[in-house]
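One letter stands for each residue in the lines below.
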Amino acid sequence: MHPRRRPSPAFTEVLACLAMLVAFGGTGCAVLVLAPAVAVAAPAVTSTADGGPGSLREAVALAAPGETITIPGGDYKLTLGELTIAKSLSLVGAGAATTTLEGGGASRVIDATNAAAKVTISDLTIRRGHVHASVAQGGGIFSQAGHLTLIRDTIAENLADATSPGATGGIAEGGGVSVRLETDAALTVRDSGFVGNVADASGDTGKSGGIAEGGGIAVRFAGAVDISGSTFNDNRALTRGGGIAAGGGVFLRDDSQSGSLSTSTLSDNLAESGVSAGGAGAFISTGGPYPFALDRVTVTGNSAVSGIADAEGGGLLLDGFAGGAIRMLASTVAANSADKGDDLRAGADLSIGDTVIDAGSGETGEENCNGAADITSLGFNLDSGDECGFHSPGD
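Here the structure is a predicted model, which is why all the values come from computation and not from measurement.

> Can you walk me through the overall build of the protein in this structure?
Each helix and strand counted, the protein has two helices and 45 strands in total. Pairs at least 24 residues apart make up 76% of the contacts formed inside the protein by residues separated by at least 6 positions. Total accessible area on the protein stands at roughly 16400 Å², and carbon and sulfur atoms take up 55% of it.

> Would you take a moment to explain the pattern of salt bridges for this structure?
Between side chains of opposite charge, a pair can form when the charged atoms approach closely. This structure, assessed with the given rule, holds 14 salt bridges. Several salt bridges share partner residues, and in doing so they unite D75, E102, R127 and R128 into one network.

> Is there a simple way to think about unusual backbone geometry in this case?
Trans peptide bonds make up most of the peptide bonds, and negative phi angles are found at most residues other than glycine. Of note, R152 is a non-glycine position whose phi angle comes to about 55 degrees, a positive value. As for its position among the elements, R152 is in the loop between strand 12 (147-151) and strand 13 (154-156). For R152, a relative accessible area of 43% translates into the label partly exposed. A positive phi angle, close to 60 degrees, is found at E157, a residue other than glycine. Mapped onto the secondary structure, E157 falls in the loop between strand 13 and strand 14 (159-161).

> Just to check I follow, could you spell out the sheet that holds strand 13 for this structure?
Two strands in a sheet stick together by hydrogen bonds in their backbones, pointing the same way (parallel) or opposite ways (antiparallel). Across the sheet, eleven strands lie side by side as 2-5-8-13-18-23-28-33-37-41-45; this open sheet has parallel pairing. Edge strands, defined here as strands with exactly one partner in the open sheet, are strand 2 (74-77) and strand 45 (382-383). With three bridges connecting them, strand 8 (residues 125-127) and strand 13 associate as parallel partners. Directly across from R127, in strand 13, lies its bridge partner A156.

> In this structure, what is going on with the sheet that holds strand 3 (residues 83-85)? I would like to understand it.
Strand order across the open sheet formed by ten strands is 3-6-11-16-21-26-31-35-39-43, with parallel pairing between neighbours. A single partner strand is all that each edge strand has here, and the edge strands are strand 3 and strand 43 (369-370). Here five bridges tie strand 21 (residues 217-221) to strand 26 (residues 250-254), and the two strands are oriented parallel to one another. Pairing of I217 across the sheet is with V250, part of strand 26.

> Help me understand a nonpolar patch on the surface, please; the structure alone is not making it clear to me.
A cluster of nonpolar side chains, contributed by V135, I171, I211 and I244, occupies part of the molecular surface with about 280 Å² of accessible area. You can see I211 is positioned in strand 20 (residues 211-213). A relative accessible area of 31% places I211 in the partly exposed class.

> Mind showing me how you'd approach the pairing of strand 16 (residues 177-181) here?
Across a regular strand the side chains alternate sides, sitting on one face of the sheet and then on the other. Counting buried residues along strand 16, four of its five residues qualify, which places the element largely inside the surrounding structure. Of the strand pairs in this sheet, strand 11 (residues 141-143) and strand 16 are connected by three bridges, and their pairing is parallel. Looking at strand 16, one finds that I141 is bridged to V177. Judged from the five bridges that link them, strand 16 and strand 21 form a sheet pairing that is parallel. Bridge pairing in strand 21 links L181 to F221.

> Teacher, can you tell me more about the pairing of strand 35 (residues 316-320) here?
Across five bridges, the pairing between strand 31 (residues 282-286) and strand 35 is parallel. Residue pairing for strand 35: A282 is matched across the bridge by L316. Pairing geometry for strand 35 and strand 39 (residues 344-347), over four bridges, is parallel. Each bridged residue has a counterpart across the sheet, and for D319 the counterpart in strand 39 is G347.

> For this particular structure, what's the right way to read the environment of S392?
Mapped onto the elements of the fold, S392 is located in the segment after strand 45. Those residues in contact with S392, other than ones at most four positions away along the chain, are S377 and G379.

> Any chance you could explain the environment of A338 here in plain terms?
Among the secondary structure elements, A338 is positioned in strand 38 (residues 337-338). Taking the C-alpha atoms as reference points, A338 and N368, 30 residues apart in sequence, are found 9.9 Å from one another. Residues contacting A338, with those up to four places away along its chain left out, are A304, A311, E312, G313, G314, S361, G362 and E363.

> When you look at the nonpolar core in this model, what are you seeing that I'm missing?
In globular proteins that are soluble, nonpolar side chains generally tend to be buried together. In terms of nonpolar packing, the biggest core is built from 65 residues, with I69, L91, I110, L294 and L344 touching the most fellow members. The contacts of I69, once residues within four sequence positions are left out, are P43, V45, L56, A59, V60, A63, L89, S90, L91 and V92. Counting residues in hydrophobic clusters, the runner-up holds 16 residues, among them V131, A199, A212 and A237.

> Would you take a moment to explain the environment of K77 for this structure?
Assignment of secondary structure puts K77 in strand 2. When sequence neighbours within four positions are dropped, the list of residues in contact with K77 reads T48, D50 and E102.

> Could you clarify how one ought to interpret empty space enclosed by the protein in this entry?
Gaps left between atoms show up when a probe the size of a water molecule is rolled over them. Inspection of the entire model under this criterion finds one cavity of 30 Å³ or more. When its volume is computed, the largest cavity comes out at roughly 40 Å³. What lines the largest cavity is simply T48, A49, D50, L56, R57, Y76, K77 and L78. Residue composition of the lining of the largest cavity, grouped by class: four nonpolar, one polar and three charged.

> Please clarify how the packing of aromatic side chains should be interpreted in this entry.
Aromatic rings in a pair are described by how distant their centres are and how their planes are angled relative to each other. By the definition in use, this model includes two aromatic pairs. Relative to F232, the ring of F194 has its centre 4.6 Å away and its plane inclined at 15 degrees; by these criteria the two rings are stacked. On the criterion of sequence distance, the pair formed by F194 in strand 18 (residues 193-195) and F232 in strand 23 (residues 231-233) is long-range, its members being 38 residues apart. With respect to burial, F194 and F232 carry one shared label: buried. Note on F251 and F283: the rings are 5.1 Å apart at their centroids and 5 degrees apart in plane angle, and the pair reads as stacked. Taken together, the residues span a long stretch of sequence, with F251 in strand 26 and F283 in strand 31 at a distance of 32 residues. Here F251 falls in the buried class, since its relative accessible area comes to 3%.

What counts as what
Residues numbered from 1 in each chain as written. Predicted model: local features only at pLDDT ≥ 70, side-chain atom pairs only at ≥ 80, totals over all residues. Heavy atoms only, no water. Helix = DSSP H or I, 4+ residues; strand = E, 2+ residues; numbered from the N terminus. Contact = heavy atoms within 4.5 Å. Areas by Shrake-Rupley, 256 points an atom, 1.4 Å probe, with all protein chains shown as cover. Salt bridge = Lys/Arg side-chain N within 4 Å of Asp/Glu carboxyl O. Buried < 20%, exposed > 50% of the residue type's maximum accessible area, 1.4 Å probe, protein only. Pairing = 2+ DSSP bridges. Patch = residues over 30% accessible without salt bridge, like charges linked within 9 Å, V, L, I, M, F, W, Y side chains within 5 Å. Core = buried A, V, L, I, M, F, W, Y, C linked by side-chain atoms within 4.5 Å. 1 Å grid on protein atoms, 1.4 Å probe; cavity = no way out; pocket = protein on both sides within 12 Å on 5 of 7 lines; lining within 4 Å. Points joined across faces, edges and corners; volume = space filled by probe spheres on them. Nonpolar A, V, L, I, M, F, W, Y, C, P; charged D, E, K, R; others polar. Phe/Tyr/Trp six-rings, centres within 6.5 Å; stacked < 30°, edge-to-face > 60°.

Structure, rendered in structure tokens:
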């Protein structure tokens, strides 16, 4: 014997309504029948045109907060200006080798404007973005989003341009990507490549340069940053004519939460200034309560070039403020050049373990390290010039 099945509430309501119809002559009863909810898909991208039905620009405008927009392979050239993202959104390409968002040298590619938003950009190439202003931020991507995540992206040939005819240089931050993070915000970069990006704050002929930070990426933040599995190659921070150039590949200023740069390579980047240049591979300045971590990083072939003052840290310039500390483990810093502190310039409470520092070129006696008094050896380090103060067990 089968158990009796309880009728659904809707069925019970219909029966009750029919009973009322019989009892009261066909009046006094109404039944509302609701259709089942249907999930609405994110707008589809079906055209590489910039604007109109099926375009990426239309999809971004129509998507609900939190949706994922899938972008098929193709070259998406922006002709209507930068793509503004003012809500939580994910852009997913078919792979960086096949899906390209291109500024064409006429505009920045992406501007993420909402500090409360979470923006993810993955499997895309961001190429040939160009922002020109007295304060030029992020030729490829400028983000003030609360959380920005870049996964398997290529950021290539973008320009943050703070130059003007007949004028001194302005401020250029992040040729490829510029990020401004507030407290409790986060930046995550995974398995991405930054190549051929430029932050240029050079002065015109006879005029002083300004400030250029982060040819590949510039990050000023009070949040958490995690960069891993990524490459920074042939990026440049330039202030010809004077000024300050810092971080040819990477510029990071961390003054609040945790930060790390791991399993990444910084090679053949340039920081060049008519006055002062440093940290051609990476300039990292930290003042947070947690040590900034450099782990399994390779820094090679980078150059810091300056005119008047010394160039410092051809590979790395590591600086601290307000008690900030940096820890570097299992890394290689080799064959970088600068006038001073050619492989490594230490200006912070720096601890180093299981690391090779080798073959710097520049000022005699400081080819590998400058600032040894700020370095604590954790052991098992190799310094080919005996300039870094490595005297712990295993060194």
